[in-house]
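Next come the chains, spelled out residue by residue.
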Amino acid sequence: MKILHLETQTGEPIQAGENTITLVSQSVRLQPPGFPGGLIWNRPVAVRVQTGSEPEKTLPVRDVTRLAQLLVVGLGLVGGLFTILAWKMTSKERK
Amino acid sequence: MDEQSMTPEEENEDLAPAVGMAQDTMDKFLDTASVDAVFGIPVQHEDTLIIPAAEILSGMAFGVGFGSGTGPVEAKEGEENQTPAMGSGSGGGGGGGGRVLARPVAVVIASPQGVRVEPVVDVTKIALAALTAVGFMIGMTVRMLNPKRAFPNGEE
């Protein structure tokens, strides 16, 4: 029995003028077997747009806030590690 | 065995409604993993259709328990000849908890000019992450500048 389930769901098409919009989301479900509980993480993934007879376009839904947070925290960690390395190198030179 | 004490089968029968209710709630909880939970109801404004999109994190857990016990009750003074009464007791309980966190991610805008996805930027969250990163770096620098607290390899 799987503990982690990854599913992609597609919604009903929505008509907006000439455009037909289909919403796509993804869910990650953590449910240990026999455990009466679980965790579900739902997020929007993409929007599929069909305009007239043109080929279908897929517009990704980017989580800019999450990307910026990861970037800032990543830069902080890299900066911290770089400071440690620089300190160790200068202390060896002084010896 | 005392008449009032319960067999495991009887205990299971007592637990059945609680477990059933927990399972029903769990099933409803699992149904939240759908497109409708992530994308909001479309809002029509003149020629423009707006669909909000959010990230949803939800967690839930249940627990039920049942216990029973028996014990002899000492006979009172002057009633030594009588059969001592047997004590018994049983109890059950259950509990559960959950939390739902939702955060706007983007807005889908469909207008006569076309369909576009506009991101929702939470400046407060980014600023908090930046403050944490800056705090971490300041902490590291202060620690290295202080010879007593510096890293072992960096000691002079």
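Nothing here was measured: the structure is a model prediction, and the numbers come from that model.

Novice: Lay out the overall build of chain B in plain terms, naming residues and giving numbers.
Specialist: Summing up its helical and strand segments, chain B has three helices and four strands in all. Counting helices and strands in the order they occur from the N terminus, chain B gives α-α-β-β-β-β-α. Evaluated residue by residue, chain B yields a buried proportion of 24% over its 156 residues. Put simply, of all contacts in chain B between residues at least 6 apart along the chain, 57% involve residues at least 24 apart. As displayed, chain B offers around 10,600 Å² of accessible surface, 57% of which is attributable to carbon and sulfur atoms.

Novice: Now, about the interface of chain B and chain A: what can you tell me, with residues and values included?
Specialist: Contacts between the two partners involve 53 residues from chain B, matched on the other side by 49 residues from chain A. Together, the buried faces of chain B and chain A total about 4,100 Å²; carbon and sulfur atoms form 71% of this surface. The largest share of the area that chain B buries against chain A comes from Val35(B), Val115(B) and Met144(B), three residues that together contribute 13% of it. Where chain B packs against chain A, one counts two salt bridges. Here Arg66(A) makes a salt bridge to Glu55(B), at a shortest N to O gap of 3.2 Å. At 12 residues, strand β2 (residues 48–72) of chain B tops the list of elements feeding residues into the side of chain B that touches chain A. Each residue belonging to the side of chain B that touches chain A can be placed in one class, and the counts come to 37 nonpolar, nine polar and seven charged. In terms of strand pairing, strand β4 (residues 37–51) of chain A meets β2(B) through six bridges, oriented antiparallel. Among the inter-strand pairings, Trp41(A) is bridged to a residue of β2(B), identified as Leu57(B).

Novice: Give me the lowdown on the pairing of strand β5 (residues 57–60) of chain A, citing residues and values where you can.
Specialist: Where β4(A) and β5(A) come together, four bridges link them in antiparallel fashion. Paired with Ala46(A) across the bridge in β5(A) is Pro60(A).

Novice: Describe a nonpolar patch on the surface, naming the residues involved and giving the relevant values.
Specialist: On the surface, Ile3(A), Leu4(A), Leu30(A), Leu39(A), Trp41(A), Leu57(B) and Leu101(B) cluster together into a nonpolar patch covering about 570 Å² of accessible area. With respect to the secondary-structure elements, Leu101(B) resides in strand β3 (residues 86–111).

Novice: Account for the environment of Pro13(A), with residues named and values stated.
Specialist: Residues and elements named next belong to chain A. Looking at the secondary structure, you find Pro13 in the loop between β1 (4–10) and β2 (14–16). On the basis of relative accessible area, Pro13 is assigned to the exposed category, the value being 52%. In sequence terms Pro13 and Val45 are 32 residues apart; their C-alpha atoms lie 15 Å from each other.

Novice: Break down the packing of aromatic side chains for me, with residues and values.
Specialist: Counted under the stated rule, the structure contains zero aromatic pairs over all chains. Positioned over the ring face of Trp41(A) is Arg43(A), at 5.7 Å from the centre of the ring.

The rules behind these values
Residues numbered from 1 in each chain as written. Chains lettered and ligands numbered in written order. Predicted model: local features only at pLDDT ≥ 70, side-chain atom pairs only at ≥ 80, totals over all residues. Heavy atoms only, no water. Helix = DSSP H or I, 4+ residues; strand = E, 2+ residues; numbered from the N terminus. Buried < 20%, exposed > 50% of the residue type's maximum accessible area, 1.4 Å probe, protein only. Contact = heavy atoms within 4.5 Å. Areas by Shrake-Rupley, 256 points an atom, 1.4 Å probe, with all protein chains shown as cover. Buried area = accessible area lost by both parts, 1.4 Å probe. Salt bridge = Lys/Arg side-chain N within 4 Å of Asp/Glu carboxyl O. Nonpolar A, V, L, I, M, F, W, Y, C, P; charged D, E, K, R; others polar. Pairing = 2+ DSSP bridges. Patch = residues over 30% accessible without salt bridge, like charges linked within 9 Å, V, L, I, M, F, W, Y side chains within 5 Å. Phe/Tyr/Trp six-rings, centres within 6.5 Å; stacked < 30°, edge-to-face > 60°. Lys NZ or Arg CZ within 6 Å of the ring centre and 35° of its normal.

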